[in-house]
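Understanding the architecture of this molecule
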Amino acid sequence: MIEIPESQTIARQIRETLAGRVVTDVFNATHPHKFAWYSGDPLEYPKLLSGRKIVGAVGRGAFIEVLLEDDLHLAVSDGVNLRLYGAQDPIPAKYQLLMTLDDGRFLSLTVAMYGGIHAFRDDLDNPYYQCARTKCSPLEERFDAACFARLRASVKQNLSVKAFLATEQRIPGVGNGVLQDILFRAGIHPKRKLAMLGDADAERLFTTLKSLLREMTDRGGRNTEKDLFGRPGGYAVRLSRYTCAEPCPRCGGPIVKEAYLGGAVYYCPHCQPIV
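Now for a look at the structure at hand.

Reading guide: rules and limits
- Residues numbered from 1 in each chain as written.
- Predicted model: local features only at pLDDT ≥ 70, side-chain atom pairs only at ≥ 80, totals over all residues.
- Heavy atoms only, no water.
- Helix = DSSP H or I, 4+ residues; strand = E, 2+ residues; numbered from the N terminus.
- Rg over C-alpha atoms; globule rule 2.2 N^0.38 Å.
- Buried < 20%, exposed > 50% of the residue type's maximum accessible area, 1.4 Å probe, protein only.
- Contact = heavy atoms within 4.5 Å.
- Areas by Shrake-Rupley, 256 points an atom, 1.4 Å probe, with all protein chains shown as cover.
- Pairing = 2+ DSSP bridges.
- Axes fitted to C-alpha atoms, helices over the stretch in contact; angles between N-to-C directions.
- Salt bridge = Lys/Arg side-chain N within 4 Å of Asp/Glu carboxyl O.
- Patch = residues over 30% accessible without salt bridge, like charges linked within 9 Å, V, L, I, M, F, W, Y side chains within 5 Å.
- Polar contact = N/O pair within 3.5 Å; in protein donor to acceptor, adjacent residues only side chain to side chain.

Check the secondary structure of the chain and you find seven helices and 11 strands. The C-alpha radius of gyration of the chain comes to 20 Å, within 12% of the 19 Å expected for a compact globule of 275 residues. Expressed as a percentage of the 275 residues in the chain, the buried residues total 49%. In the chain, the proportion of contacts linking residues at least 24 apart, taken out of those at least 6 apart, comes to 64%. Of the roughly 12800 Å² of accessible surface on the chain, a fraction of 53% belongs to carbon and sulfur atoms.

Written out as structure tokens, the structure is:
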């Protein structure tokens, strides 16, 4: 799923490899998807995007936004797989949108469970996009200790740390995926209440949030996710469904997997005590 490291990585790759390329044609879904959401009528996307030059891309939280000339945008959300194929590669049998480029390559957008594909001019009236566009990212310098403290103070202190960090779009692009390693490195249990965090805990959580997201991004995303070319990221995730059967990488004890707040959490009871 797209979170901050992946949106930043794929946007950078688009800037590096596709800036200046022209969209020659756009093809609508081969297989309609009940949970693929579009802005406006996707049948209008070929007219809107064809003939437009790609001028850049930005990562906004869990959105990857392709920038085209004439103030046109193509924003894809968490849940959409965006892949670049070579001119000689076979076209995938299933996709929710496909764009050919003037050098023969093509971009394929597919949705597995759910996801949004939004082509628009100027601005997008979507609350998730607006949060991602306007809220401060932990990768920015202005997301400092004072900003984090204000964010903590703005919520009820009986919230768990997971609920605080990964729900309600408080920090767009921080979701259940990156959360596991952030809390493990910080030594904080996902169910621990904000009220139970001491000053040292809160400072450690803040510094880990910023430093680990930067590390994940600098390494090209997590190895549990794929980049623009279909390659896994370079950051090796410590706690995930792929590693939960292994012993804790810090103390060697067992890792616990539990369902919590709409997703699984993974933690070491010894290294991440709840109190």
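Read from one edge to the other, the open sheet built from four strands follows the order β1-β7-β8-β6, with strand pairing classed as antiparallel. At either margin of the open sheet sits one strand with a lone partner, and together these are β1 (23-28) and β6 (80-85). With direction set aside, neighbouring strand axes in the sheet form an average angle of 15 degrees. Both strand β7 (residues 97-101) and strand β8 (residues 106-111) contribute to a ladder of four bridges, which runs antiparallel. The partner of Leu98 across the bridge, within β8, is Ser108. Across the sheet, helix α1 (residues 4-18) is in contact with β6, β7 and β8; its angle to β6 comes to roughly 25 degrees.

What follows is about the pattern of salt bridges. Throughout the structure, instances matching the rule amount to 17 salt bridges. With a closest N to O distance of 3.5 Å, Glu44 and Lys47 form a salt bridge. Between Asp201 and Arg204 there is a salt bridge, with the nearest N and O atoms lying 2.9 Å from each other. Of this pair, Asp201 and Arg204 both sit in helix α7 (residues 199-218), three residues apart, which is roughly one turn of the helix. By relative accessible area, which is 13% here, Asp201 ends up buried. What makes Arg204 partly exposed here is its relative accessible area of 31%. The structure contains a network of salt bridges with shared partners spanning Arg21, Asp102, Asp103 and Arg105.

Moving on: a nonpolar patch on the surface. The grouping of Met1, Phe35, Trp37, Met113 and Tyr114 at the surface amounts to a nonpolar patch, some 530 Å² of accessible area in total. On the secondary structure map, Met113 appears in the loop between β8 and β9 (115-121).

Turning our eyes to something else, we now look at the side chain of Arg192. Along the chain, the position of Arg192 falls in the loop between α6 (176-186) and α7. At 3.1 Å, the side chain of Arg192 forms a polar contact with the backbone oxygen of Met196. Here Asp201 takes part through its side chain, which lies 3.2 Å from a polar atom of the side chain of Arg192. Beyond its immediate sequence surroundings of up to four residues, Arg192 is in contact with Leu159, Ser160, Val161, Leu197, Asp201, Pro273, Ile274 and Val275.

In this section: the sheet that holds strand β2 (residues 36-38). Taking strand neighbours across the sheet as the criterion, the five strands line up as β2-β9-β5-β4-β3 in an open arrangement whose pairing is mixed. With one partner strand each, in any of the chains shown, β2 and β3 (54-60) form the two edges of the open sheet. Recorded for the sheet is a direction-independent mean angle of 15 degrees between the axes of neighbouring strands. Relative to strand β5 (residues 72-76), strand β4 (residues 63-68) is paired through five bridges, and the arrangement is antiparallel. Counted as the bridge partner of Glu65 is Ala75 from β5. On top of the sheet, α1 reaches β3 and β4; it is set at about 170 degrees to β3, its chief contact. Together, β3, β4, β5 and β9 form the strand contacts of helix α3 (residues 127-134), whose direction differs from that of β4 by roughly 80 degrees.

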